[in-house]
Amino acid sequence: MVSLSNSVLFPLATSSGFTSNGFSRPFRFARTINWYSSDKQKEEPRNVLCACMAPSPNLRSEESFATKFEDSFKSEDLSRVREPEGDSDVLIECRDVYKSFGEKHILRGVSFKIRHGEAVGIIGPSGTGKSTVLKIMAGLLAPDKGEVYIRGRKRVGLISDDEISGLRIGLVFQSAALFDSLTVRENVGFLLYENSSMPEDQIAKLVTESLAAVGLKGVEDRLPSELSGGMKKRVALARSIIYDTTKEAIEPEVLLYDEPTAGLDPIASTVVEDLIRSVHTKGQDAVEKPGQIASYVVVTHQHSTIRRAVDRLLFLYEGEIVWQGMTHEFTTSTNPIVQQFASGNLDGPIKY
Ligand SMILES: Nc1ncnc2c1ncn2[C@@H]1O[C@H](COP(=O)(O)OP(=O)(O)OP(=O)(O)O)[C@@H](O)[C@H]1O
């Protein structure tokens with residue numbers, strides 16, 4: 001399976017199954033594709049893999065989830081935070097994860113769990129490693145030390161074809177790096193064109209519906225270069241929510257959004273935030289239904305995104321999760337790091 005430029009959906013991927021053009025099947029689009037994973041890292045076009053695994057789901061209802069978290073994260077001091085009992089609904093867990101780039105020690109013992117039904121935000125100062133955490137969760141980067149568990153099973157290194165399907169993880173990258181030589185229709189429908197047996201007119205219909213869901217109409221035949229930055233982001237989101245409707249049941253899916261509203265005007269941000277909420281299906285409704293986002297994680301700096309699209313927050317600072325709590329607890333926190341970040345004050349423990 002293939003991951004795409006700005007949005008990625010990756011049920012199963014094989015490190016060995018890719019051809020020289022980066023795709024495991026004869027490629028329908030003959031034009032050259034350049035893919036860059038982010039603005040920060042202009043990289044060579046590359047193959048990105050993904051996928052997942054896991055035991056059969058034993059997932060709890062939305063109600064029990066909500067109750068657990070209300071109870072569990074009242075306290076903001078990490079040493080006092082109680083973990084909810086039972087881990088049967090944990091979809092992704094990072095346990096004591098370390099990651100360095102050369103001399104830069106970015107992550108220094110990051111631990112957290114993403115449970116079925118959750119809408120989690122990761123916040124923290126710039127350059128603190130939030131995108132790195134997402135890439136490690138997605139299996140695009142391997143931790144130097146520590147473990148990533150996908151539905152209770154330890155992932156070994158990067159994603160590989162040895163793994164058993166059981167959870168789809170999608171990553172919507174920070175930049176709007178669509179395939180520049182493909183039309184919007186081809187970009188949004190890419191996975192279906194390449195990996196499904198759906199007829200092209202059916203895919204085209206789904207593309208139009210996905211675009212409509214993000215507030216775009218009549219752009220199917222345009223190239224990315226003919227779109228504004230905000231429109232490109234929305235096209236990428238449309239691609240992240242499209243799915244094969246001919247499948248009866250698939251694994252639950254976790255979507256990871258890297259700054260989905262950065263650079264958008266306030267109204268476009270609201271459209272995207274509401275879309276993120278709308279594709280999220282909690283509880284039993286999300287179990288083994290195609291196209292349902294069981295949980296999602298958003299890296300963001302935007303207050304509106306935190307308010308509208310996130311229920312629980314993880315605060316990453318100096319390589320560790322220094323605070324976590326429900327969104328409504330963020331602004332009333334007495335943690336000096338959180339207080340400084342929430343107020344934007346120059347004085348405080350965070351030094352720039
Ligand atoms: N592939 C890489 N090679 C070298 N350094 C990297 C790589 N990826 C990230 N970094 C560095 O790791 C640090 C953390 O980057 P990351 O993008 O995860 O931070 P972030 O918290 O998401 O930042 P921002 O909020 O500004 O987007 C930065 O100093 C970045 O330059």
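For clarity, every value in this text was computed on a predicted model and none was experimentally measured.

**Observations regarding the site of the ligand**
Phase 1 of the analysis: Around the ligand, a shell composed of 11 residues is seen, among which Phe101, Ser126, Lys130, Ser131 and Thr132 lie nearest.
Phase 2 of the analysis: Counting residues per element, the shell around the ligand draws most heavily on helix α2 (residues 130–138), which supplies three residues.

**Structural notes on the sheet that holds strand β6 (residues 153–155)**
One key point about sheets: their strands pair by backbone hydrogen bonds, in either a parallel or an antiparallel sense.
Phase 1 of the analysis: Pairing is antiparallel across the open sheet formed by four strands, whose spatial order is β3-β2-β5-β6. In this open sheet, the two edge strands, each paired with only one partner strand, are β3 (104–115) and β6. Looking at each pair of strands side by side, their axes are set apart by 25° on average, direction ignored.
Phase 2 of the analysis: Across the sheet, α2 lies against β2 (90–101), β3 and β5 (145–150), angled at about 125° from β2, the strand it touches most.

**What to know about the pairing of strand β10 (residues 312–317)**
Looking along a regular strand, one sees the side chains alternate between the two faces of the sheet.
Phase 1 of the analysis: Across the six residues of β10, five count as buried, placing the element largely inside the fold.
Phase 2 of the analysis: Looking at chain direction, strand β4 (residues 119–123) and β10 are connected through four bridges and run parallel. Paired with Ile122 across the strands is Leu314, a residue of β10.
Phase 3 of the analysis: Examined bridge by bridge, β10 and strand β11 (residues 320–326) share six bridges and lie antiparallel to one another.

**Regarding the nonpolar core**
Phase 1 of the analysis: Counting 74 residues, the largest nonpolar core has Met137, Ala238, Val254 and Leu256 as the members making the most contacts within it.
Phase 2 of the analysis: Sequence-distant contacts of Leu256, defined by excluding residues within four places in its chain, comprise Leu134, Met137, Ala138, Ile169, Gly170, Leu171, Val172 and Val297.

**A word on the environment of Leu314**
Phase 1 of the analysis: With respect to the secondary-structure elements, Leu314 resides in strand β10.
Phase 2 of the analysis: In contact with Leu314, other than residues within four places in its own chain, are Phe112, Val120, Ile122, Ile321 and Gln324.

**A closer look at the pairing of β5**
Phase 1 of the analysis: In the sheet, β2 pairs with β5 via five bridges, with the strands oriented antiparallel. When the sheet's bridge partners are listed, Tyr98 is paired in β5 with Lys145.
Phase 2 of the analysis: Relative to β6, β5 runs antiparallel, the two sharing three bridges. Paired with Ile150 across the bridge in β6 is Arg153.
Phase 3 of the analysis: Counting the residues between successive antiparallel strands, the hairpin from β5 to β6 contains two residues, one of them, Arg151, with a positive phi of roughly 45°.

**Describing the environment of Val271**
Phase 1 of the analysis: By secondary structure assignment, the location of Val271 is in helix α7 (residues 266–278).
Phase 2 of the analysis: Residues Val271 and Ala213 lie 58 residues apart in sequence; the distance between their C-alpha atoms is 9.0 Å.
Phase 3 of the analysis: When sequence neighbours within four positions are dropped, the list of residues in contact with Val271 reads Val214 and Gly215.

**Describing the confidence of the model for the protein**
Phase 1 of the analysis: Mean pLDDT over the protein works out to 73, with 67% of the residues at or above the 70 mark.
Phase 2 of the analysis: A low-confidence stretch, residues 1–27 stays under pLDDT 50, and its non-local contacts, those more than four residues away or across chains, total 77 contacts.
Phase 3 of the analysis: Confidence over residues 283–290 falls short of pLDDT 50; this stretch has 22 contacts with residues more than four positions distant or in other chains.
Phase 4 of the analysis: Across the predicted assembly, pTM comes out at 0.74 and ipTM at 0.97.

**Quick notes on α2**
Phase 1 of the analysis: The element α2 is extensively covered by neighbouring structure, given that nine of its nine residues are classed as buried.
Phase 2 of the analysis: Looking only at α2, the buried set comprises Lys130, Ser131, Thr132, Val133, Leu134, Lys135, Ile136, Met137 and Ala138.
Phase 3 of the analysis: Directly beyond the C-terminal end of α2, a positive phi value near 85° is found at Gly139.

**Observations regarding unusual backbone geometry**
Phase 1 of the analysis: One non-glycine residue, Glu259, adopts positive backbone phi at about 45°.
Phase 2 of the analysis: Position of Glu259 relative to the elements: it lies in the loop between β8 (253–258) and α7.
Phase 3 of the analysis: Here Glu259 falls in the buried class, since 22 other C-beta atoms lie within 10 Å of it.
Phase 4 of the analysis: Phi is positive for Glu318, which is not a glycine, with a value near 50°.
Phase 5 of the analysis: Secondary-structure assignment places Glu318 in the loop between β10 and β11.
Phase 6 of the analysis: Residue classification places Glu318 among the partly exposed residues on the basis of 16 C-beta atoms within 10 Å.

What counts as what
Residues numbered from 1 in each chain as written. Predicted model: local features only at pLDDT ≥ 70, side-chain atom pairs only at ≥ 80, totals over all residues. Near = placed C-beta within 6 Å. Helix = DSSP H or I, 4+ residues; strand = E, 2+ residues; numbered from the N terminus. Pairing = 2+ DSSP bridges. Axes fitted to C-alpha atoms, helices over the stretch in contact; angles between N-to-C directions. Contact = placed C-beta atoms within 7 Å. Buried ≥ 20, exposed ≤ 12 C-beta atoms within 10 Å, placed from the backbone. Core = buried A, V, L, I, M, F, W, Y, C linked by C-beta atoms within 7 Å. pLDDT = per-residue confidence, 0-100.

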